[in-house]
Amino acid sequence: MLEEKIKQITDDFNSDIKSVEDIQKLEEIRIKYLGRNGVVSSLFDELKKASNEEKPALGKSLNLLRNKITEDFNSIKTRFESLDDLKEIKIDLTLPGTRRQIGSKHILTQTLDEIKTIFQSMGFSVYEGPELESDYYNFEALNFAPDHPARDMQDTFFINKDFVLRTHTSPVQIRLMESHKPPVRAIMPGRVYRNEAVSARSYCMFHQVEGLYVDTDVTFAELKGTLVSFAKQFYGDDLKYRFRTSFFPFTEPSAEMDITCFLCHGGGCKVCKQTGWLEILGCGMVDPNVFKYVGYDSEKYTGYAFGMGIERTAMLKYGIDDIRVFFENDLRFLKQF
Ligand code: DAH
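To start, this report covers the structure provided alongside it. (Residues numbered from 1 in each chain as written. Predicted model: local features only at pLDDT ≥ 70, side-chain atom pairs only at ≥ 80, totals over all residues. Heavy atoms only, no water.)

With that settled, consider the side chain of Arg-166. One can find Arg-166 in the loop between strand S3 (163-165) and helix H7 (171-179). In this structure, Arg-166 is buried with no salt-bridge partner, the nearest side chain bearing the opposite charge being Glu-131 at 4.8 Å. A distance of 3.2 Å separates a polar side-chain atom of Arg-166 from the backbone oxygen of Pro-130. (Helix = DSSP H or I, 4+ residues; strand = E, 2+ residues; numbered from the N terminus. Buried < 20%, exposed > 50% of the residue type's maximum accessible area, 1.4 Å probe, protein only. Lys, Arg positive; Asp, Glu negative; His and termini not counted. Salt bridge = Lys/Arg side-chain N within 4 Å of Asp/Glu carboxyl O. Polar contact = N/O pair within 3.5 Å; in protein donor to acceptor, adjacent residues only side chain to side chain.)

What follows is the structure, given as structure tokens:
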């Protein structure tokens, strides 16, 4: 009798549990079968009345039934609970994804990359030197007389009597020649510092690219050819340019290169101070005195050098009228490039 009941109740439970739809229904089933006055405990009451011979086998199947019901109940309960968690998170799988923001190269880096690519295609390698520089490299070996106005406190950040924050990238020329025998052909980019009032036109820190080529028979014509080729590749083929005589202690003769103003195209405006021209770089033939400092034979070798500001170069190319925007990290500016 009891044996049949156990079978019957197993079948009932299986069909009850199949149709359960939510956690409340599940709880009702638990109470019906496992509750204090539930079906299972009433079967245990009946077991007491069974004969001693029958008791062990019946007790065993009753225990099996109780365990099966408990296990089924628990596993269905966890399933319902994790479904509930999902409802809490409220994931809408049909929504479009959020795009990850990626950075981009700063316009100065892009400009320098472009300058490097052009000069590398003409056989120049890239060389770098320190930003904290001795007076010797920044001035003396570049043929600056001891009383030259560029050493003045107004332009130079002095660290102490002997060391400065380099005011230009020209000292890297000296380091390059000291460590390499001719021929040398390299550009030397880097940060430079000037103790000047910050304004739309000048900043206390900016970037330059230096260039140097030393070999036997290097001529001024080659210097012009190289710089014109650079300027046309960088600013465009229809570029108009001119070379003006100038002075730098480390070059003789010295020149500056101008291109037509990006704004008025040569007509004359505020940006070019009505001249129609804008200076893009300084250059010249390496002064024989500089060769003496680095131990090059100035009877055998000649060379040319040039230097340009990277901010200035970018400003001219893209028509930017305030140098400070390069360092403010305003995304509205940076995103334009
Ligand atoms: N060092 C110069 C400056 O900061 C730029 C310069 C001019 C570099 C002529 C050169 C050069 O190598 O030949 O203004």
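Text resumes after the structure shown.
Right, let's talk about helix H4 (residues 55-89) for a bit. Its 35 residues place the ends of H4 51 Å apart at the C-alpha level, agreeing with the 51 Å of an ideal helix rising 1.5 Å per residue. Within the sequence span of H4, burial applies to Leu-58, Gly-59, Leu-62, Leu-65, Ile-69, Phe-73, Ile-76 and Phe-80. Just past H4, the residue Lys-90 takes up positive phi, approximately 55 degrees. (Expected span 1.5 Å × (residues − 1).)

So, on to the packing of aromatic side chains. Considering all chains together, one arrives at 22 aromatic pairs under this definition. With centroids separated by 4.9 Å and ring planes inclined at 20 degrees, the aromatic side chains of Phe-119 and Phe-230 adopt a geometry described as stacked. Here the residue Phe-119 occupies a position in helix H5 (residues 107-121), and Phe-230 occupies one in helix H8 (residues 220-235), the gap between them amounting to 111 residues. Here the two residues Phe-119 and Phe-230 agree in accessibility, since each one is buried. When the ring of Tyr-203 is compared with that of Phe-327, the centres are 4.5 Å apart and the planes differ by 25 degrees; the resulting orientation is stacked. One end of the pair, Tyr-203, is in the loop between strand S4 (184-193) and strand S5 (205-215); the other, Phe-327, is in the loop between helix H10 (310-318) and helix H11 (331-334), and 124 residues separate them in sequence. Put simply, the rings of Phe-119, Phe-124, Tyr-213, Phe-230, Phe-234, Tyr-235, Tyr-304 and Phe-306 pair up and form one aromatic cluster. Over the ring of Tyr-137 we find Arg-175, and its NZ or CZ is 3.9 Å from the ring centre. In this structure, Lys-317 packs its charged tip against the face of Phe-234, placed 4.2 Å from the ring centre. (Phe/Tyr/Trp six-rings, centres within 6.5 Å; stacked < 30°, edge-to-face > 60°. Lys NZ or Arg CZ within 6 Å of the ring centre and 35° of its normal.)

No statement about biological role is implied by the geometric values presented.
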